[in-house]
There are 2 protein chains.
Amino acid sequence: MNQPIEILEVGPRDGLQNEAEIVSTADKLALIEAMIDYGARRMEVASFVHPKRVPQMADAEDVIAGLPDLGHVQYIGLTLNKRGIMRALATREGGKRGIDQAGCVIVASDTFGQKNQGQTIAEGIAETRDMLRFAKAEGLSAQVTISAAFGCPFEGEVKAETVLSIAEELAAEDPAEIALADTIGVGVPAQVTDLFGRLGELLAGRIPMRCHFHDTRGTGIANAWAAYGAGVRTFDASLGGLGGCPFAPRATGNIATEDLVYMMDNSGVETNIDLEAAIAANRAFAEVLGRELPSRVTRAA
Amino acid sequence: MNQPIEILEVGPRDGLQNEAEIVSTADKLALIEAMIDYGARRMEVASFVHPKRVPQMADAEDVIAGLPDLGHVQYIGLTLNKRGIMRALATREGGKRGIDQAGCVIVASDTFGQKNQGQTIAEGIAETRDMLRFAKAEGLSAQVTISAAFGCPFEGEVKAETVLSIAEELAAEDPAEIALADTIGVGVPAQVTDLFGRLGELLAGRIPMRCHFHDTRGTGIANAWAAYGAGVRTFDASLGGLGGCPFAPRATGNIATEDLVYMMDNSGVETNIDLEAAIAANRAFAEVLGRELPSRVTRAA
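This write-up is about the structure you can find in this document. Starting afresh in each chain, residues are numbered from 1 along the sequence in its written order. Going through the entries in the order they are written, you letter the chains from A and number the ligands from 1. Residue-level local features of this predicted model are given only where pLDDT is at least 70; pairs of side-chain atoms are given and counted only at 80 or more, and the full residue set underlies all totals for whole chains, interfaces and linings.

On a plain count of helices and strands, chain A comes out with twelve helices and eight strands. Expected size for 301 residues packed as a compact globule is a radius of gyration near 19 Å; at 18 Å, chain A falls within 12% of this value. With the C-alpha coordinates aligned to their principal axes, the bounding extent of chain A is approximately 45 × 45 × 40 Å. In this scheme the burial state of a residue depends on its C-beta neighbours within 10 Å: 20 or more other such atoms mean buried, 12 or fewer mean exposed, and anything in between means partly exposed; the C-beta positions come from the backbone. Expressed as a percentage of the 301 residues in chain A, the buried residues total 54%. Working definition: helices are DSSP H or I runs of at least four residues, strands are E runs of at least two. Numbering for both runs from the N terminus. C-alpha atoms define the radius of gyration, and 2.2 Å times the number of residues to the power 0.38 defines the globule rule.

A few words now on the sheet that holds strand β1 (residues 6–9) of chain B. Residues and elements named next belong to chain B. Spatially, β1-β2-β3-β4-β5-β6-β7-β8 is the arrangement adopted by the eight strands of the closed barrel, whose pairing is parallel. Taken over all neighbouring pairs, the strand axes of this sheet differ in orientation by 30° on average, direction set aside. The sheet contact formed by strand β5 (residues 141–147) and strand β6 (residues 178–182) spans three bridges and is parallel. Counterpart to valine 144 in the pairing with β6 is isoleucine 178. Working definition of a contact: two residues with C-beta atoms, positioned from the backbone, lying within 7 Å. Note on geometry: axes are C-alpha line fits, over the in-contact stretch for helices, and angles between N-to-C directions span 0 to 180 degrees. Along the sheet, helix α4 (residues 82–90) contacts β3 (74–79) and β4 (101–107); its crossing angle with β3, the most-contacted strand, is approximately 150°. Two strands form a pair only when DSSP identifies at least two bridges running between them.

Here we come to the pairing of strand β2 (residues 42–47) of chain A. All names here are of chain A. Most of β2 sits inside the fold, with five of its six residues counted as buried. Sheet analysis places strand β1 (residues 6–9) next to β2, joined by two bridges and oriented parallel. Paired with glutamate 9 across the two strands is methionine 43, which belongs to β2. Pairing of β2 with strand β3 (residues 74–79), which is carried by five bridges, proceeds in the parallel orientation. Bridge pairing in β3 links serine 47 to leucine 78. With respect to chirality, the unit in which β2 leads through helix α3 (residues 60–65) into the neighbouring parallel β3 is right-handed. With the strands aimed away from the viewer, a crossover counts as right-handed if its path from the first strand over the helix to the second runs clockwise.

This paragraph deals with the relation of the copies chain A and chain B. Mapping chain A onto chain B is achieved by rotating through 180° and translating by 0.0 Å along the same axis, at an RMSD of 0.1 Å. Taken together, the turn and the small shift mark the pair as related by a two-fold rotation axis. If distances are taken from each C-alpha of chain A to the rotation axis, the shortest is found for alanine 222 of chain A, at 1.9 Å. Of all interface residues in chain A, 96% are interface residues in chain B too; the two copies therefore contact each other through one and the same surface. Copy-to-copy alignment: least squares on C-alpha atoms, limited to residues at pLDDT 70 or above in both.

So, on to the environment of glutamate 270 of chain A. Mapped onto the elements, glutamate 270 of chain A comes out in the loop between α10 (257–265) and α11 (275–289). Between the C-alpha atoms of glutamate 270 of chain A and asparagine 2 of chain A, which are 268 residues apart in sequence, the distance is 7.8 Å.

What follows is about the environment of alanine 149 of chain A. All names here are of chain A. Turning to its location among the elements, alanine 149 is positioned in the loop between β5 (141–147) and α7 (160–171). Sequence separation between alanine 149 and isoleucine 121 is 28 residues; the distance between their C-alpha atoms is 12 Å. Among all residues touching alanine 149, those that are not within four sequence positions of it are Ala108, Val158, Val163, Leu180, Ala181, Asp182 and Leu195.

This paragraph deals with helix α8 (residues 189–203) of chain A. Helix span is expected to be 1.5 Å times the residue number reduced by one. The end-to-end C-alpha distance of α8 of chain A is 20 Å, a good match for the 21 Å that 15 residues give at a rise of 1.5 Å each. What α8 of chain A keeps buried is the set Pro189, Ala190, Gln191, Val192, Leu195, Phe196 and Leu199 of chain A. Looking at the buried side of α8 of chain A, the elements it contacts are α7, β6 (178–182), β7 (209–213) and α9 (220–229) of chain A together with α9 (220–229) of chain B.

Written as structure tokens, this is what we have:
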């Protein structure tokens, strides 16, 4: 039997954040409960960004307050700065369940980083190291995602050396894991094999790896399989491939949870996800959104 | 540098055969010329089936009569029986250019084979061997595709042993190549690695392998990359991801030429296809059809 994988369900955050519609807090919580029912054990549930910047995430604290208090599920909040870590910590005050883990993000491109978070790579490294230290001091688990690791919408190529040197600096702070994200869906399997192969050598099993793919150019599932071959065991995915905005033709979603599970199930790789239940959850949420989601497996089912 | 691949453009046959619209002979010929312009050197241009069964292919002889007479392009006609081989031969009579190669098809499932071609596996093997011998005697190149090799819409699992024993029998007739087709798009990369790995051992370099994938469940491009890893160097693809299969419930189109080329280009694998020209050809043909084609790369471009 092959080694099992863990799927980090990012639909409630990366998915909904990039949809045109604003989904109500109640609908978000119903979605999260459906995800737990189909087997999700790690989930990005919110992003601590300014509500003016990302109105879809304005109810972060309300969503978190409504999460089921289940010991076997880890809730992750995206934190883009120290203020985000403080908001994550605040959700735990007064003995409340709150957020279990902070997800930090650093962009592997000066241009994209400045547009996205107002910081160069060097500034991002300094800020992220500071955030990781702060979270650790406060007793909050924290991991980090290196985004645009496979290419930048503004600069084009992102060198593997750039990504690996960022990873090396961050590894010094001992984050819970280091993820590489193909934020704009330009990567190909050969690149995934190379980059995760080298990251694996760098981290030498000391810090787990995670991967995050978008299916913008049809390579998302191929990249996930290549990542598995390179030793990655944690995969971001979103139910239905949420995150493709129907009003922005070039925007596409994360790889779909169902498509990833289909491939892994049929390759003898355990995912802990009940595929039939995920397909049903997709269809129920498609009713909420009022349109079909991109997952090919659900469309074919 | 990695070993180059050859793309067999199946849009004019497998693509158009499975579209609802009937495309005019003139539009088909314009499409074929655009494909040659973007670099296609092998193409399925027609199917010699009964026009009542597949009305989209009723103009097979007219399309073939209009093909550009180019020495560097190989034209393939699909032949499902000896009558098909005879029709292929007839296109060459009187010194005409005609068809360069017959493409035979055998289904690796008794139930699907009976529905698709009215024959069991055993009957298909006998018929195909007879066709291959007849084509050889008449001086016509012929290859064979084993369809439903990764799963059957009616029987479910198709055993690797079944596929390999069919291949072994056909190999005795020395066809120009043997292809495995995932006709309904159920295959996963681990299965592709296994099946093509074993086929490669069986054929031992004596007969080239070809692969044919559909992207019904999101695994088409991942399967193509796995096939490359297993030593396959010829890949079926259709411009834009045209097509499906009218006799296979819920099947969707072939992997898109543009998506395959994007992945291979960015992996350092030469394809001989000009991606920008293929994207332009997709857009021009989408105008003819009056709707967008599925290729993700063209949508993202």
